[in-house]
Number of protein chains: 2
Amino acid sequence: MTRHETPRLPSGFRCAAKHCGIKAAGDDLALFYCDRMANAAGLLTRNHFPGAPILLARERLKRGLLRGVVVNSGVSNVATGARGIDDARRMAAAAAAELDVDPAHVLVGSTGVIGRPLPIERVEAGIRGMAAEAGSDPLVGARGIMTTDRVPKAFSLEVEGATVSVVGKGAGMIAPNMATMLVYFFTDAEASSSALREMLWAGARDSFQVLSVDTDTSTSDMVVAMASGAAGPVSPTTLAEAFAGLSEQMAEAIARDGEGATRLLRVTVGGAVDEVEARRIARSVAESPLVKTMIYGRDPNVGRILMAVGKCVECRIQPDRVQAELQGMAVIRDGLRADFDETTLRERLGLDTVEIRIDLGVGSAGGRALGCDLTEGYIEENTAYASS
Amino acid sequence: MTRHETPRLPSGFRCAAKHCGIKAAGDDLALFYCDRMANAAGLLTRNHFPGAPILLARERLKRGLLRGVVVNSGVSNVATGARGIDDARRMAAAAAAELDVDPAHVLVGSTGVIGRPLPIERVEAGIRGMAAEAGSDPLVGARGIMTTDRVPKAFSLEVEGATVSVVGKGAGMIAPNMATMLVYFFTDAEASSSALREMLWAGARDSFQVLSVDTDTSTSDMVVAMASGAAGPVSPTTLAEAFAGLSEQMAEAIARDGEGATRLLRVTVGGAVDEVEARRIARSVAESPLVKTMIYGRDPNVGRILMAVGKCVECRIQPDRVQAELQGMAVIRDGLRADFDETTLRERLGLDTVEIRIDLGVGSAGGRALGCDLTEGYIEENTAYASS
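Visitor: Explanation requested: the domain arrangement of chain A in the structure shown.
Guide: You'll often see interface size given as the accessible area lost when the parts meet. Residue and element names in this part refer to chain A. According to the domain assignment, chain A contains domain 1 (2–256) and domain 2 (264–372). Inter-centroid distance (C-alpha atoms) of domain 1 to domain 2 is 33 Å. Counting from both sides, the interface comprises 10 residues of domain 1 and, opposite them, 11 residues of domain 2. Residues of the side of domain 1 that touches domain 2, tallied by class, amount to 5 nonpolar, 2 polar and 3 charged.

Quick look at the structure:
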């Protein structure tokens, strides 16, 4: 498995992006497509108010065949009723016409403000001509689907002569409950729709499913994969590893690019009675506003880690067995604050990745969570989002 | 039931506060006491890492008799091991000596940084002479227990010739799971320890138990009541109403004074299948960072309300039956964004109390939550708390 320094799309896949006028400025439309029919699968948000693109995806992913995905940013087409569904279908139809394929094989993704209608004529006009402009740089497509993201996110790697690429966006309204952002996998490896679905699930388990920027679950999230088979078969284990590795890389990139975030936060919990509790406690620590502000402030107020573990009142915890490390330094020993060098810890808290490791000492199960710090930037970003 | 404009302590109760040197400046020590034995009861934090004062309270509240409570701010005496327990006992003994009562009848409360030892000699020296300085203004005691609170919080009312007073502090690390701050009720009405406990529970149900400033649960929280009986009997229903009314007033005051908060947020959910789900959904909305920043920004981005309802994936919700009002204006109708006047809503979002009412339309159960907005002030307050 070789990771590419500069990400690229697999053979036969292309993408384009442009500004069509949904947002005031910047790309707000992206088209991804394959030169042949691809097997496809997806994981969709579990929010009770799924957007029109999610409803359409539920229907279209059943057949497990896709030629392309068209995605807009700026307006999420959620809570828009019958008109929203119609707009999503029109958007797919416009992309299908541009690609000269069956609209049933085109998926739609939308991200942005909830409850506003899509300016569908602008979207339709924007789609025209995109196929001709398309190229093999996935960062171009990634740029077209950014909302509050500060950096476009795309990664790829080589496995047994095939390429696996992932393009994603996500910065806020991100918490597990599947999924948590827009993420698209493209590969020229052979894989059936059901194999793709299994690989997505397995890969998401310790990446997208443990990622929380702000505890809020988007109504538009999807993780979708397309496999064209053009590069022939790849061993299933290797391909699954490629999906898992790229899922983790993308999830960490999203956490690091969390709204206002300055640091990626990785929390690992071991010694738990079972995995459910290990994951719950890891998430409690990663989501705690007081832990997150402590990290932002490089403030070794490590009691907050104990607080965030201890607030999981339903979990089985024995206080005097709890150990914790922050940036490799023991900060909690047997449930008490350990002696540590505050100056050194302050320095290490300045690194761009912060690791918290907790051992509960009551079992052998483990779990992890990914998050980020909480800063004024998150507030600024979100106080006037609909108006900006 | 008559509410006092200016709060006062019941007959026979007195309090004092002073600066003893735990914090760099400001009062950091308070003493509350009664001139006779009072029946007592309390609700204590469920965090797995309770502080030494909580462990002592578990023991001392069993007997249901108290003469006084001594409280410090600045250091919470949590995760301090055997030394912490010893310090809490010494603090109680010093107050007992000052009051000339049995140390078993003195409760200790501490609030502040976790994991630091109490400067117990300063506390002991500080307690000396406090009884002589004590008076009947509960705001003096309230001032002594403030941490990040901007205003001291005390309220009182008259019922059938008796007085019921409440003194509390709380601003951050506040979420249900009992309890969520330091709150002390004092009354000269007659009430048994078990009756007090019942009234505390009942009163907390829709106040302290639905209050969340930041989803974090303190390790030091307690709600304690003392009843001296000096004013004779009061009808149990009236007394329970007084406790419930003061609990609500205090919970709202704490939410309004949440770290960095500029607005109180009340969320009411009706039409739910059961109360557990109604309360869970109300809390999800009140705790959502995206709803909280929307309120701070007076931004009518009402889709976030749907998102926060919809992320309760385990609750029974039918999207097209959901109605919501924000500041009395219909913003969600049948699960879709309603047409409303954005300018008027923006103005109303500037009021110091924000009301969100949600009707799920699938049952007849209701529930509520109290919270506040999320601002840069919360970040500033919490990035360097241990160091400031």
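Visitor: Any chance you could explain unusual backbone geometry here in plain terms?
Guide: Among all residues save glycine, negative phi is the norm, and among peptide bonds the norm is trans. All names here are of chain A. A positive phi is found at Glu160, a non-glycine position, where the angle reads about 45°. On the neighbour-count criterion, Glu160 (14 C-beta atoms within 10 Å) is partly exposed. With phi around 50°, Gln327 is a residue other than glycine that occupies positive phi space. Take Gln327: there are 20 C-beta atoms within 10 Å of it, and that puts it in the buried class.

Visitor: I would appreciate a short explanation of the nonpolar core in the present structure.
Guide: In globular proteins that are soluble, nonpolar side chains generally tend to be buried together. Counting 271 residues, the largest nonpolar core has Leu31 and Val285 of chain A together with Leu31 and Val285 of chain B as the members making the most contacts within it. Apart from residues no more than four positions distant in its own chain, Leu31 of chain B is found in contact with Cys15, Ala16, Gly68, Val70, Ala95, Ile127, Met130 and Ala134 of chain B.

Visitor: What exactly am I supposed to notice about the sheet that holds strand β14 (residues 353–359) of chain A here?
Guide: Two modes of strand pairing occur in sheets, parallel and antiparallel, and in both the strands are linked by backbone hydrogen bonds. All names here are of chain A. In space, the 6 strands of this open sheet follow the order β13-β12-β11-β14-β10-β15, with mixed pairing throughout. Every other strand in the sheet has two partners, leaving β13 (336–337) and β15 (365–372) as the edge strands with one partner each. The pairing of strand β10 (residues 264–272) with β15 spans 7 bridges and is antiparallel. For Arg266, the partnering residue across the bridge sits in β15 and is Leu370. Docked against the sheet, helix α7 (residues 236–256) engages β10 and β15, running at close to 45° with respect to β15.

Visitor: Would you mind showing me how to read the pairing of β14 of chain A here?
Guide: Looking down a regular strand, the side chains alternate between one sheet face and the other. Residue and element names in this part refer to chain A. Residues Val354, Ile356 and Ile358 point to one face of β14 and are all buried, whereas Thr353, Glu355, Arg357 and Asp359, pointing to the other face, are not buried. Pairing of β10 with β14 involves 7 bridges; the strand directions are parallel. Bridge pairing links Leu265 to Val354 in β14. Sheet topology places strand β11 (residues 323–326) next to β14; 4 bridges connect them, and they run antiparallel. Bridge pairing in β14 places Gln323 opposite Asp359.

Conventions we followed
- Residues numbered from 1 in each chain as written.
- Chains lettered and ligands numbered in written order.
- Predicted model: local features only at pLDDT ≥ 70, side-chain atom pairs only at ≥ 80, totals over all residues.
- Domains from an automatic or database assignment.
- Contact = placed C-beta atoms within 7 Å.
- Nonpolar A, V, L, I, M, F, W, Y, C, P; charged D, E, K, R; others polar.
- Buried ≥ 20, exposed ≤ 12 C-beta atoms within 10 Å, placed from the backbone.
- Core = buried A, V, L, I, M, F, W, Y, C linked by C-beta atoms within 7 Å.
- Pairing = 2+ DSSP bridges.
- Helix = DSSP H or I, 4+ residues; strand = E, 2+ residues; numbered from the N terminus.
- Axes fitted to C-alpha atoms, helices over the stretch in contact; angles between N-to-C directions.

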